[in-house]
Amino acid sequence: MQPRQVTVLGECVADVFADARPGPPPTDGRDPADVPTQGLHLHALPGGGPANTAVGLARLGTPTRLLARLSGDVFGRLFRSHLLDSGVDLTDAPAAAEPSTLAVADIDAGGQAAYTFHAEGTADWQWTRNELDRAGQGDPACVHTGSLALVREPGGSLLEEFLSRARPRATVSIDPNVRPALVDPAVYRRRLPSWCAVADILRLSEDDLRVLVPGTGVEAACDGLHAAGVRLVVITRGAHGAFASLDGRTVSVPGVPTQVVDTVGAGDSFTAGLLHHLGEQDLLGGRLEGLRLADVAAACAFAVRVAALTCAVAGPNPPWAHQITLLQGEKDTAAARAGDRNLSRPGR
């Protein structure tokens with residue numbers, strides 16, 4: 001069935017990647033490897049956790065509205081084009097006078113990204129109550145937010161108020177996407193209980209969990225989060241898949257093997273896959289009353305495939321629905337071939 005709309009609140013960030021620019025070829029007989037570089041070549045891709053999730057949802061087929069303050073600068077125009085081309089509804093996204101937020105990514109040999117943020121006084125955090133009131137609540141099945149927009153003021157507190165007002169009608173999903181290099185981890189820990197009190201779904205990476213609940217095992221940490229109010233906790237584990245706890249009943253889903261280009265946006269794509277699958281099954285729209293552990297396992301398995309496809313390309317570039325179908329078809333074909341080989345073995 002066609003999922004109902006999901007409203008996503010949060011930031012759009014320009015993910016900036018740097019490559020060393022080589023100097024001119026030597027003319028004095030030196031080895032080219034000994035010639036110093038002449039600086040950095042920069043290229044920017046539209047990103048930001050909430051924006052990536054909105055793009056992922058829309059590309060999978062979920063009607064998606066993004067509430068983000070979009071700058072009029074060159075990066076803001078890039079965001080707007082990227083979001084609209086992906087099918088995201090920007091009708092209620094305010095035009096902002098402030099500049100866009102930049103995140104300079106440093107990718108290691110394993111595809112993991114470390115970021116340096118340029119975020120002071122930028123558009124994403126300057127929400128006003130009038131802007132959110134003009135955007136209105138609408139009638140979404142789910143409201144999703146998180147990342148820096150939820151912890152940077154003056155906007156963070158207003159977004160929390162928006163979630164509280166939406167909760168009587170919509171499932172609430174939060175992905176803190178912890179950035180300890182930019183925001184003191186104590187801020188996240190202080191606000192975590194209020195997020196759990198309003199959220200139905202909490203998605204964390206293993207790194208997030210270590211920052212938020214240090215020195216605690218995964219199941220014990222989930223029990224504490226449930227006690228604070230959240231029903232479904234999902235921990236993403238990179239190549240190892242995902243672990244989920246629904247009111248203390250747990251399930252693990254394996255990862256999908258993939259040739260990793262980088263992991264930028266993988267967690268955001270996982271969240272998009274999770275919410276899309278739950279929406280397709282008509283399980284969003286309230287307090288997850290009809291949700292079973294088998295539903296959680298199926299949604300996580302789908303989300304893992306979405307994240308794997310994101311890792312196979314450069315930058316935060318979530319897959320489209322037809323790419324998921326193609327991946328599943330290849331998997332089914334491989335399984336069928338393996339079954340044929342097994343049946344042809346002697347003694348079978």
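Here the structure is shown first, and the text comes after it.
Computed from a predicted model, the values in this text were never measured in an experiment.

A.B. asks: Tell me what's going on with the side chain of Arg65, and back it up with residues and numbers.
C.D. replies: Structurally, Arg65 can be placed in strand β4 (residues 64-67). Looking at Arg65, its side chain comes within polar contact range of the side chain of Asp92, at 2.9 Å. Those residues in contact with Arg65 that lie beyond four places of it in its chain are Gln5, Val6, Thr7, Val8, Asp89, Asp92, Ala135, Gly136, Gln137, Gly138 and Phe162.

A.B. asks: Lay out empty space enclosed by the protein with the relevant residues and their values.
C.D. replies: Enumeration according to the criterion identifies three cavities of 30 Å³ or more in this entry. Taken as a whole, the second largest cavity encloses approximately 40 Å³ of empty space. The wall of the second largest cavity is formed by Gly49, Pro50, Thr53, His144, Thr145, Gly146, Ser147, Asp175, Asn177 and Asp268. Contributing elements (two or more residues each) for the lining of the second largest cavity: α1 (49-60) and β9 (142-146). A per-class count over the lining of the second largest cavity returns one nonpolar, seven polar and two charged.

A.B. asks: Account for helix α7 (residues 218-228), naming residues and giving values.
C.D. replies: Here α7 has its buried residues at Ala221, Cys222, Leu225 and His226. Along α7, the residues classed as buried sweep out an arc of 140° about the axis, all on the same side. On its buried side, α7 packs onto α5 (185-198), β11 (201-205), α6 (206-212), β12 (232-236) and β13 (242-246). Just beyond α7, the residue with positive phi is Gly229, at close to 135°.

A.B. asks: Lay out helix α9 (residues 293-311) in plain terms, naming residues and giving numbers.
C.D. replies: In this model α9 runs 27 Å from its N-terminal to its C-terminal C-alpha over 19 residues, within 8% of the 27 Å that 1.5 Å per residue would give. Of all 19 residues in α9, 14 are buried; the element is thus mostly enclosed.

A.B. asks: Give me the pairing of β12: which residues, what numbers.
C.D. replies: In terms of burial, β12 is largely enclosed, as five of its five residues are buried. Judged by which residues are buried, β12 turns out to be covered on both faces: Leu232, Val234 and Thr236 on one side and Val233 and Ile235 on the other are all buried. With five bridges joining them, β12 and β13 adopt antiparallel strand pairing. By the bridge assignment, Val233 is partnered in β13 with Ser245. The turn joining β12 and β13, which pair antiparallel and follow one another in sequence, is formed by five residues; a positive phi near 60° is taken by Gly238.

What counts as what
- Residues numbered from 1 in each chain as written.
- Predicted model: local features only at pLDDT ≥ 70, side-chain atom pairs only at ≥ 80, totals over all residues.
- Heavy atoms only, no water.
- Helix = DSSP H or I, 4+ residues; strand = E, 2+ residues; numbered from the N terminus.
- Polar contact = N/O pair within 3.5 Å; in protein donor to acceptor, adjacent residues only side chain to side chain.
- Contact = heavy atoms within 4.5 Å.
- 1 Å grid on protein atoms, 1.4 Å probe; cavity = no way out; pocket = protein on both sides within 12 Å on 5 of 7 lines; lining within 4 Å.
- Points joined across faces, edges and corners; volume = space filled by probe spheres on them.
- Nonpolar A, V, L, I, M, F, W, Y, C, P; charged D, E, K, R; others polar.
- Buried < 20%, exposed > 50% of the residue type's maximum accessible area, 1.4 Å probe, protein only.
- Arc of directions from axis to C-beta.
- Expected span 1.5 Å × (residues − 1).
- Pairing = 2+ DSSP bridges.

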